[in-house]
There are 2 protein chains.
Amino acid sequence: MTVAPPSGRRSIDVHPAWLPAEVFRAIGSRRVLVSGDGLLVDTVHAETRTACARFGGSVTRLSIDGDADLLLALTGSTRADLDGDLGDEGYTLGRAGGRTTVTADAPVGLLYGLFHVARLGESAFHGDIATQVHRPAIRRRMLDHWDNVDVHPVMGQVERGYAGGSIFWRDGAITDDLDRVRAYARLLAASGVNALTINNVNVGRTEARLLTDRLADVATFADIFRPYGIRMHLCVTFAAPMVLGGLATADPHDEAVRDWWAATTAQVYRAVPDFGGYVVKADSEGQPGPFAYGRSHADGANLLADALAPHGGVVHWRAFVYNHRRDWRDRSTDRARAAYDHFAPLDGQFRDNAIVQVKYGPVDFQPREPVSPVIAAMPATRLAVELQVTQEYTGQQRHVCYLAPLWSEILGFRFDGDSLEADGDADRDLGASVAAIAARGGTLAAVSNVGDDPFWCGHPLAQANLYAFGRLGWDPTADPAALLDEWIDLTFPAGSVSDPVQLRQTLHAIMDDSWRTYERYTAPLGVGWMVNPSDHYGPAVDGYEYSQWGTYHFADRDGVGVDRTRATGTGYAGQYPKPWSDVYESLADCPDELLLFFHHVPYGHVLHSGSTVIQHIYDTHFAGADEAVAMRDRWRDVADAGLDPALYARVADRLDEQVRSAREWRDQINTYFFRKSGVPDALGRRIH
Amino acid sequence: MTVAPPSGRRSIDVHPAWLPAEVFRAIGSRRVLVSGDGLLVDTVHAETRTACARFGGSVTRLSIDGDADLLLALTGSTRADLDGDLGDEGYTLGRAGGRTTVTADAPVGLLYGLFHVARLGESAFHGDIATQVHRPAIRRRMLDHWDNVDVHPVMGQVERGYAGGSIFWRDGAITDDLDRVRAYARLLAASGVNALTINNVNVGRTEARLLTDRLADVATFADIFRPYGIRMHLCVTFAAPMVLGGLATADPHDEAVRDWWAATTAQVYRAVPDFGGYVVKADSEGQPGPFAYGRSHADGANLLADALAPHGGVVHWRAFVYNHRRDWRDRSTDRARAAYDHFAPLDGQFRDNAIVQVKYGPVDFQPREPVSPVIAAMPATRLAVELQVTQEYTGQQRHVCYLAPLWSEILGFRFDGDSLEADGDADRDLGASVAAIAARGGTLAAVSNVGDDPFWCGHPLAQANLYAFGRLGWDPTADPAALLDEWIDLTFPAGSVSDPVQLRQTLHAIMDDSWRTYERYTAPLGVGWMVNPSDHYGPAVDGYEYSQWGTYHFADRDGVGVDRTRATGTGYAGQYPKPWSDVYESLADCPDELLLFFHHVPYGHVLHSGSTVIQHIYDTHFAGADEAVAMRDRWRDVADAGLDPALYARVADRLDEQVRSAREWRDQINTYFFRKSGVPDALGRRIH
């Protein structure tokens, strides 16, 4: 399996991910009509033409009246026969009279419709299908690459990248493998992603110049992604007027600074007319920001928003702001409070094209965190919710950890207390859910897990995370198991494996619960951060305990956990609206999985599950490590299933490492807590 | 203060350390006769000529009968008037009839005699001095540089270097500042060092080539060090026959391998006729070695010894061999045992020119370890004892830590139980002391603390460690406080500071006890390793606790320490001869400072001091951190003493860091043990 014949030098052995040629067999073996004009319709035309050339079908691009099995037609206007506007990206899909029809108001909708038909395969061409209307729930599905142009001495070519080098940059220069980038654009479009950043939010000296004298690089990539409906955004440094413009200040109230941003932005739009906008990490972990001038984050964000507004661009301004030089001795402050404390008071002060981008949890992408209270705290501000596809704290693509269930929980979390269950009903009222807030704000963002690895993501099964992210952005109510089915069907088409049913069962058995498995063998009950500080891989129970990072568990011989109540703790629980402020405040009501995030409790504290905290730690760690073994063993079931041998071997190798690592987690965590608590395991298992 | 006028580009602002021009005032203002021939006599001549040119004296190099205040005369033969042979490096020093006379049998003795006169200063030229005989107690005083030719991606230009880059290498090439190297040679000779390695024992690809096609670099350095009586040794990789010679094996029993080493070594001696020999780290921390071929370390060492023997060279074969991929769960093995277990059975199997180089302690340069039992276990083998001048685990030249008291304790340690006290009596019987064994074997080795820092060592006061190392090699019974006086007198000559008495008092108050101060605020009672694994700086109590390195403290809620007894532990205590095997075995007799190295005890265990273990931890950590504050404050006493402002400021800056770091150690260690033990401080001090 390879991508379409590449002209570059490195694509030859790249895995096709969820777009092997086979996916287009059903379309490619039929008579297709493509109707409409524009770049994106050209893409649809090219896609179908390639498929038909391979599988014996035919494509006509003339009218909508030819004799055809599939009609892909741009209507060019809003139609009265539909329930509302199809919007910029929506499409209809239906089948009647032996013809499958996709229509869209705007060209990119036609492309999304085409990929929908591809997902359906043969079933798109049998019987009748009542016309369905599909629109994305969230306007912008943005993938952020933390790729560095120059290799960073500590972080490397891709910060928190676990899939090799960058597909965009190599040693300071633009990649010479643009075919790979093209293949990536196609994959992203098929998953629903429509916005992209190609450089790290930590903007170095070279990276800063993408905004000015290296703008041609951005334009090159924009030209590649444009035919797939993906707009280019750029991470910029707040200090750009000084670093690039030679000004003495970057103060947002300074006239020269405002002028510089206006002129610079106009220049960007001359090079990239459909440029999406800026992404900024300011006053965070050493990045410059408005605080240096006594200005607020709203001042900072609005400065860039004003420069972008004339051109229709937006600024994504990250809320990941906290003091990263904390004194561990100081228990009066709490990093979890920081984003809310910084941003909630600014609600209503941001321009309409300034989007505050909030990590899903209050701290930093731990396997289990409560949903960030900032998301509920800024009703008068557009928000982006930021997820992390790259598995920084969730096994670094050496562990299988299917993240869609985690994201589904987050997106379905309702601040009014009535959590949304994933049911695949896109029309369901999102209410006060996180997804609804992201839909209102306009962006679901995530950090990419892609590198120049032949399997894109290091771990072949981690492709499912990338796929599911895009699909959840389109429909946050989608069922993670159903998305996994989609991904399996596309990635391992029925004809390419000997026993598709067995493969599907095996992958579900390995992946469905893998996030909770990972949670079981790592830090318990939501406390987080028991990870090696150097690389965020593998256990170090006290690794962050006496550090500057504000990430502590406070385990002593009597108990463990962080008191974040209003009554006796940091008061963080009070940042939530009711009922959650009360639920989290209450030791009796707090969900088990977040207990140690909100409360410091004795080891003998009895959970809702009926177990004590200490016995829960032992039980889940033994169970989690056993489940890793079971995952590895299950993979052997498909050793003869006809999978690409390189893929099979890669997954097998990584599962071996997962088993080793899970055992290490189990033993270190259990030993640590046994040494501290002195409480023996009720089942008498071996603790070292 | 600068070194003698340099021609290189970087020496201008280099601190002269213990050889400012002023040191030679007494000599340089007198009439000097230099008698004898040879390179080293030329050096003596040049040194005196430079001094006299500066201070108005005169030098004659003709006969021994001129009218002179100082005669430096090579006798060229053994003389009956002396108590035994002066040896290769000995000299006599006396004064009568208004003339100070230094004689030596061999040229380098004359140079050492000259530096002795320089140390004496004016007092060398007043009254009569009965003729003294001086000979080094230990034949070889070798300084090992862990400098890399290429910058290592992790370890940098100098592994465990805390004084900037290498003075020998820069980015893969030989330095362009050979004047600096010359100044270093002179400093080393004045301290007594007579052997040197200029590359890391971890030998990389580029470094390996110093043995063959980059031999010219070695010859360049040999030419610089030769006039100062210092012989060049080279760290080589055991795999050299494969890496450099293209052979398929490095098996010591293979004829082609033996031939390769013989031919290669002959070539080395053609380039460097007085080449000292090889230093090898084999089968250790990933370096290749004889184990790969089922051969012993004696086989490996003898291979190189045989190649060196025809030329008079020696191989130093390091005993630092242990399994660095341990499973922390496995309590049946013990890294402390490793060197003895590997080497003691080989006693008697090594060639006479193979020297087994043993780190002073059984693990790795911790601030407090027992003396390595290997040193007593190989009576039929020549041993080198290895110290560490670079402060890897003792504050990295950011902390003041005068190490001569530690080394003095080690060198004076007697395996027969009667420890040698430092009293400066060089004629005293060293008995079964470590110094005596090193003297018999022939080498005291140490890792250097020098880099291209203007103060040579990062911390100006760390120069005293380098100086004291050489002097202790010459006379292991020297009193550390007296050596400090020597260093102070040389480094800060009376005329250069406003109040020499106050400066001396201040430096003694800061430095004399600084090693024990460091011990107090770091890991307690000999347990070691509570340090950051990444850089070995700053506290991480559990940093090594679940690692592969074999360095554990086993602290739990009840107690702490490693049971290394024969009765119930790893049996390490049994590696010592009596009485130490019994002393360490006994909980009652084990010295407090090593208690946790040998025993796991409850926190309430009462020490010989009368304190409990837990209260001792609290008390020493509060005391140590307070002492760091006192050190910093004392330095301010000499703010107006006329010191070089850059030196004053550098020391002041580092003392600030020491205070900060000592407080961090105090708080983390105390908090860790309070959380684990639950025992409050008897004095009610603040523990976090």
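Refer to the preceding data block for the structure.
The shown structure was predicted, so the numbers you read here are calculated from the model rather than taken from an experiment.

### Side note on unusual backbone geometry
Residue and element names in this part refer to chain A.
Okay, so step 1: At the junction of K578 and P579, the peptide bond is cis and its omega measures out at 5° in the coordinates.
Okay, so step 2: On the secondary structure map, P579 appears in the loop between strand 19 (559-560) and helix 18 (580-585).
Okay, so step 3: In this structure, E285 takes a positive phi of about 50° despite not being glycine.
Okay, so step 4: Take E285: it is sitting in the loop between strand 14 (277-280) and helix 9 (297-308).
Okay, so step 5: Classification of E285 as partly exposed rests on a relative accessible area of 27%.
Okay, so step 6: Positive phi, close to 70°, is recorded for W456, a residue that is not glycine.
Okay, so step 7: By the secondary structure assignment, W456 is in the loop between strand 18 (443-447) and helix 14 (463-474).

### Looking at the interface of chain B and chain A
Okay, so step 1: Chain B puts 23 residues into the contact, and the matching count from chain A is 23 residues.
Okay, so step 2: Buried surface at the junction of chain B and chain A, both sides included, amounts to about 2200 Å², of which 46% is carbon and sulfur.
Okay, so step 3: Summed over the shared surface of chain B and chain A, the result is six salt bridges.
Okay, so step 4: Between R329 of chain A and D667 of chain B there is a salt bridge whose closest N-O contact spans 2.4 Å.
Okay, so step 5: Our count for the chain B to chain A interface comes out at 17 residue pairs in polar contact (both at pLDDT 80 or more).

### Regarding the relation of the copies chain B and chain A
Okay, so step 1: Overlaying chain B on chain A yields an RMSD of 0.0 Å, the required transformation being a rotation through 180° with an accompanying axial translation of 0.1 Å. The operation mapping one copy onto its partner corresponds to a two-fold rotation axis.
Okay, so step 2: A share of 100% of interface residues in chain B that are also interface residues in chain A marks the association as one of identical surfaces.

### Observations regarding empty space enclosed by the protein
Residues and elements named next belong to chain B.
Okay, so step 1: Under the defined criterion, the tally for this structure stands at 19 cavities of 30 Å³ or more.
Okay, so step 2: Quantified by volume, the largest cavity comes out at close to 130 Å³.
Okay, so step 3: For the largest cavity, the lining is made up of 16 residues, of which Q366, P367, T522, A523 and W529 are closest to its centre.
Okay, so step 4: Looking at side-chain class alone, the lining of the largest cavity contains nine nonpolar, five polar and two charged residues.

Each value, and the rule that gives it
Residues numbered from 1 in each chain as written. Chains lettered and ligands numbered in written order. Predicted model: local features only at pLDDT ≥ 70, side-chain atom pairs only at ≥ 80, totals over all residues. Heavy atoms only, no water. Helix = DSSP H or I, 4+ residues; strand = E, 2+ residues; numbered from the N terminus. Buried < 20%, exposed > 50% of the residue type's maximum accessible area, 1.4 Å probe, protein only. Contact = heavy atoms within 4.5 Å. Buried area = accessible area lost by both parts, 1.4 Å probe. Salt bridge = Lys/Arg side-chain N within 4 Å of Asp/Glu carboxyl O. Polar contact = N/O pair within 3.5 Å; in protein donor to acceptor, adjacent residues only side chain to side chain. Least-squares fit on C-alpha atoms with pLDDT ≥ 70 in both. 1 Å grid on protein atoms, 1.4 Å probe; cavity = no way out; pocket = protein on both sides within 12 Å on 5 of 7 lines; lining within 4 Å. Points joined across faces, edges and corners; volume = space filled by probe spheres on them. Nonpolar A, V, L, I, M, F, W, Y, C, P; charged D, E, K, R; others polar.

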